[in-house]
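# Inside the fold
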Amino acid sequence: MDQAGVTAQTTKSPWGSVAPAAPTCSLTEVMSEQLAKQLDEEDSAFRTLPDPGVDLLLSDDAPDTTSDLMLAQMLQMQYDREFDDQLRREEKKFNGDSKVSISFENYRMVHPYEGSDSSEDEVDWQDTRDDPYRAEKPQTTPRRGFSGKGKNITTKHDEVTCGRKNTARMDNFAPEVLVGDGLGMDLKLSNQVFNSLKQHCYSEQRRSAKLHEKKEHSTAEQAVDPRTRLLMYKMVSAGVLENINGCISTGKESVVFHADGGSLEEQPVPDEVVLKVFKTTLNEFKNRDRYIKDDYRFKERFSKLNPRKIIRLWAEKEMHNLTRMKKAEIPCPEVVLLKKHILVMSFIGKDHVPAPKLKDAMLGSEDLKNAFYQVLHMMQQLYQECNLVHADLSEYNMLWHEGKVWLIDVSQSIEPTHPHGLEFLFRDCRNVSTFFQKRGVSEALSVYDLFNTVSGLNIPVGVEDEAEFMAEIVALEKRNEDHVQKRGKKTFPVASEDADPPLKPDADD
Ligand code: ADP
Ligand code: MG
């Protein structure tokens, strides 16, 4: 059949009249129409996506839209990152080899830290207020205060000049102040208008700085920046957690949440768990470098990592230490899962009520005495069986639950052969000894005896002079370091089968 036969012409037909066909449309047009429709639909669907800022933890969202939300957020993050990459390239090109560089920081989509999975993404603290696209500076009145001659003389107080100058000065307002396109036209702002504009601009800036500070604080303080929330949300959507209930504690380095356990394939998840979220702000962790930097287990990796990864290392360290402790049957939380900087572990407490810290527990004298012996025993086990020193042991990091002391917070715990391991142990002993002595436990050992009992070292105590005792400790650490340097081996002190025999303080190398 002829192709024209299918065209729109109303033709005489032996079978009667044929209804007029739809207007002609080529195949490509049909295709593009469909495409247009499809694009339109996609576009409107995209527009109706929920605001990525909505609380991810609201688990009663409809299940089919939640994954879309996640997808959209991930795409957005990806887009923002690409945008920032492009911006970075432009910034580099713009600045070239110039000694003075201008930062495009203010125009970035992703927070410099949020996007920093690679060490290239360093925060640029340069002044970012300069706009690279700033217009040419306006003509200024010469120093003498007037220009022109005779009748045409114009002083710096001239209304038109002043007005123009004021308009140009709007350019100095902060980048976030929208001055419209006034700069591009011959606008003359009177001094009065300009001054009130300037005043408004300053107060806005102060207000915005305050708001910004607050926002930064709330996310940083809570450690639940969008990425962390996404991670937590994923745990809920994967069924590992049933629900995340609320915050138990906000510390300097971490935020701890209570959650209802869900299920994991290989292992049971306790009914109640905690999520310890290591803070993704770096400041607090800077002081702690020495715990991890010199821990030979992490030393290799530490030097190669960017700050975000170092924070993950803290979480990882806590996980490893807890696992060692569990093996030695020390009462401590059981690790459920580690996901980046979030550690999920069993909850010490009951029915959403966390066990009290030893400092807050109301204990009778018998319980206190028992608690002391338990702590002493745990410290020995930790040192001798787990080859660990807690390094932040105090009544704040021991919980009282079911008539027992439980040890928590071991992210900073190190091996005794750490260059400062014995000093940390001494500090732990002092905290423990002081706490129990203050609570009237007559059995509590002195810091020196506790140190020797835990470590199995026999540092002379007779003088009871802390400086002398510390000097012995430092000498031991030094000798150990030298030994490690020379023979690649530690000299002291664990009594476990696979370790070297304990070194007596006076023993020769
Ligand atoms: P930080 O490094 O911030 O001190 P911690 O591990 O000590 O972190 O946790 C802070 C607080 O959270 C603890 O004092 C304790 O009250 C609570 N907490 C931590 N882990 C648990 C847990 N497994 N069960 C119950 N409460 C916990
Ligand atoms: Mg703590």
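Each chain has its residues counted from 1, running along the sequence as written. The naming scheme follows written order: chains are lettered A onward, ligands numbered 1 onward. In keeping with the model being predicted, local features are shown solely for residues with a pLDDT of at least 70 and side-chain atom pairs are shown and tallied solely at 80 or more, while totals for entire chains, interfaces and linings include all residues. Side-chain calculation: all heavy atoms of the structure are included, whereas hydrogens and water are not.

Under the DSSP-based scheme used, a helix requires at least four consecutive residues in state H or I and a strand at least two consecutive residues in state E, with every element numbered from the N terminus. Within the protein, the regular secondary structure consists of 13 helices and 11 strands. Within the protein, buried positions represent 37% of all 509 residues. Any two residues having at least one pair of non-hydrogen atoms within 4.5 Å are treated as being in contact. By sequence separation, contacts in the protein at least 24 residues apart represent 61% of the contacts at least 6 residues apart. The protein chains shown are the only cover counted for residues, whose accessible areas, like all others here, come from Shrake-Rupley with a 1.4 Å probe. Total accessible area computed for the protein in this model is approximately 30900 Å², and 52% of it derives from carbon and sulfur atoms. Type-normalised accessible area, obtained with a 1.4 Å probe on protein chains alone, sets the label of each residue: buried when under 20%, exposed when over 50%, and partly exposed for intermediate values.

Our focus in this paragraph is the coordination of the magnesium ion (ligand 2). Note on donors: an N, O or S atom is included if it sits within 2.8 Å of the metal, or within 3.2 Å for Na, K and Ca, and water is never included, so sites can look incomplete. Those protein atoms acting as donors to the magnesium ion (ligand 2) are Asn397 (OD1) and Asp409 (OD), and they sit at 2.2 Å. Pair noted here: Asn397 is in the loop between helix H10 (365–385) and strand S10 (398–401) and Asp409 is in the loop between strand S11 (404–407) and helix H11 (421–438), with a separation of 12 residues, a long-range link. Grouping residues by exposure puts Asn397 and Asp409 together as buried.

Assignment of secondary structure puts Glu477 in helix H13 (residues 466–487). A polar atom in the side chain of Glu477 sits 2.9 Å from the backbone nitrogen of Glu423. Excluding its chain neighbours within four sequence positions, the residues that come into contact with Glu477 are Pro419, His420, Gly421, Leu422 and Glu423. Here a polar contact means two N or O atoms within 3.5 Å. Within protein one must be a hydrogen donor candidate and the other an acceptor candidate, and residues neighboring in sequence count only if both atoms are side-chain atoms.

Turning to the nonpolar core, a few remarks are in order. The set of buried Ala, Val, Leu, Ile, Met, Phe, Trp, Tyr and Cys residues whose side-chain atoms join them within 4.5 Å is what this entry labels a nonpolar core. Met325, Met379, Val432, Phe436 and Phe451 are the most contacted members of the largest nonpolar core, which totals 61 residues. At nine residues, the largest contribution of residues to this core is made by H10. Domain start and stop points were drawn from an automatic or database domain assignment. Residues lining this core come from more than one domain, with at least three contributed by each of domain 2 (223–354) and domain 3 (356–488). Phe436 has contacts with Leu358, Leu368, Ala371, Phe372, Val375, Val441 and Ala444, leaving out every residue within four places of it along the chain. Judged by nonpolar contacts, the second largest core, of 19 residues, contains Leu231, Met235, Leu275 and Val277.

Right, let's talk about the confidence of the model for the protein for a bit. Regions with low pLDDT carry predicted coordinates that are not meant to be interpreted in detail. Known as pLDDT, the predictor's per-residue confidence is scaled from 0 to 100. Of all residues in the protein, 61% attain a pLDDT of 70 or more, and the chain-wide mean is 75. Note that residues 216–221 has pLDDT below 50 and, in this model, 10 contacts with residues that lie over four places away or in other chains. Low pLDDT, under 50, characterises residues 494–509; the predicted model gives this stretch 32 contacts beyond four residues in sequence or across chains.

Before going further, it helps to spend a moment on the pairing of strand S7 (residues 342–346). Counting buried residues along S7, five of its five residues qualify, which places the element largely inside the surrounding structure. Sheet analysis places strand S6 (residues 335–339) next to S7, joined by four bridges and oriented antiparallel. Residue Leu337 lies in a different strand from S7, and its bridge partner there is Val344. Whether two strands pair comes down to DSSP finding at least two bridges between them.

Note on geometry: axes are lines fitted to C-alpha atoms, helical ones only across the stretch in contact, with angles between N-to-C directions running from 0 to 180 degrees. Axis separation between H10 and helix H12 (residues 447–455) bottoms out at 8 Å; the angle between their running directions is 45 degrees. The angle between H10 and H12 falls in the class oblique. Across the interface between the two elements, Phe372, Leu376, Met379, Gln380, Tyr383 and Gln384 of H10 pack against Leu450, Thr453, Val454 and Ser455 of H12. Residue classes follow a fixed rule: Ala, Val, Leu, Ile, Met, Phe, Trp, Tyr, Cys and Pro count as nonpolar, while Asp, Glu, Lys and Arg count as charged, and any other residue, Gly among them, counts as polar. Among the residues forming the contact of H10 with H12, the class breakdown is six nonpolar, four polar and no charged. For this classification, under 35 degrees means roughly parallel, over 145 means roughly antiparallel, 65 to 115 means roughly perpendicular, and everything else is oblique.

Helix length check: H10, at 21 residues, gives a terminal C-alpha distance of 29 Å against a target of 30 Å (1.5 Å per residue), a fit within 8%. Looking at H10, one finds that the buried residues are Leu368, Ala371, Phe372, Val375, Leu376, Met378, Met379, Gln381, Leu382 and Tyr383. Buried residues along H10 sit in contact with helix H9 (307–327), S10, S11, H11 and H12. Once H10 ends, the next one or two residues include Asn387, with phi positive near 55 degrees. Multiplying 1.5 Å by the residue count of a helix minus one yields the expected span of that helix.

Moving on: the state of the cysteines. Sulfur atoms of two cysteines make up a disulfide when they are within 2.5 Å. Summed over all chains, the structure comprises zero disulfides. Cys386 provides the cysteine sulfur closest to Cys332, a residue in no disulfide bond, and the two sulfurs are 8.2 Å apart. By relative accessible area, which is 1% here, Cys332 ends up buried.

Turning our eyes to something else, we now look at the pattern of salt bridges. Only one rule defines a salt bridge in this text: a Lys or Arg side-chain nitrogen within 4 Å of an Asp or Glu carboxyl oxygen. Counting across every chain of the model gives nine salt bridges. Between Lys276 and Glu318 there is a salt bridge whose closest N-O contact spans 2.9 Å. Within this pair, whereas Lys276 is found in strand S5 (residues 272–278), its partner Glu318 is found in helix H9, the two being separated by 42 residues in sequence. When its relative accessible area of 6% is taken as the criterion, Lys276 is described as buried. With its nearest N and O atoms 3.2 Å apart, the salt bridge here joins Asp482 to Lys478.

This brings us to the pairing of S5. Burial runs high along S5: seven of the seven residues are buried. Here S5 shows no split at all, with Glu272, Val274, Lys276 and Phe278 on one side and Val273, Leu275 and Val277 on the other all buried. Relative to S5, strand S4 (residues 254–261) runs antiparallel, the two sharing seven bridges. Following the sheet pairing, Val255 is matched in S5 by Val277. Of the strand pairs in this sheet, S5 and S7 are connected by five bridges, and their pairing is antiparallel. Counterpart to Val274 in the pairing with S7 is Met345.

Here the focus is unusual backbone geometry. Although it is not a glycine, Glu329 adopts a positive phi angle of roughly 60 degrees. Owing to a relative accessible area of 69%, Glu329 belongs among the exposed residues under this scheme. The backbone of Glu402 shows a phi angle near 50 degrees, a positive value even though the residue is not glycine. By secondary structure assignment, the location of Glu402 is in the loop between S10 and S11. Note on Glu402: relative accessible area 62%, which makes it exposed.

Further remarks concern the packing of H11 against H12. Here H11 crosses H12 at 125 degrees, and the two axes come no closer than 9 Å. The pairing of H11 with H12 is recorded here as oblique in orientation. As H11 runs across H12, the sense of the crossing is right-handed. Residue-level inspection shows Leu422, Leu425, Phe426, Cys429, Arg430, Val432 and Ser433 of H11 in contact with H12, the latter providing Val447, Tyr448, Leu450, Phe451, Val454 and Ser455. Of the residues assigned to the contact of H11 with H12, the class counts are 10 nonpolar, two polar and one charged. Here a crossing is taken to be left-handed if its near helix is turned anticlockwise relative to the far helix by less than a right angle, and right-handed if that turn runs clockwise.

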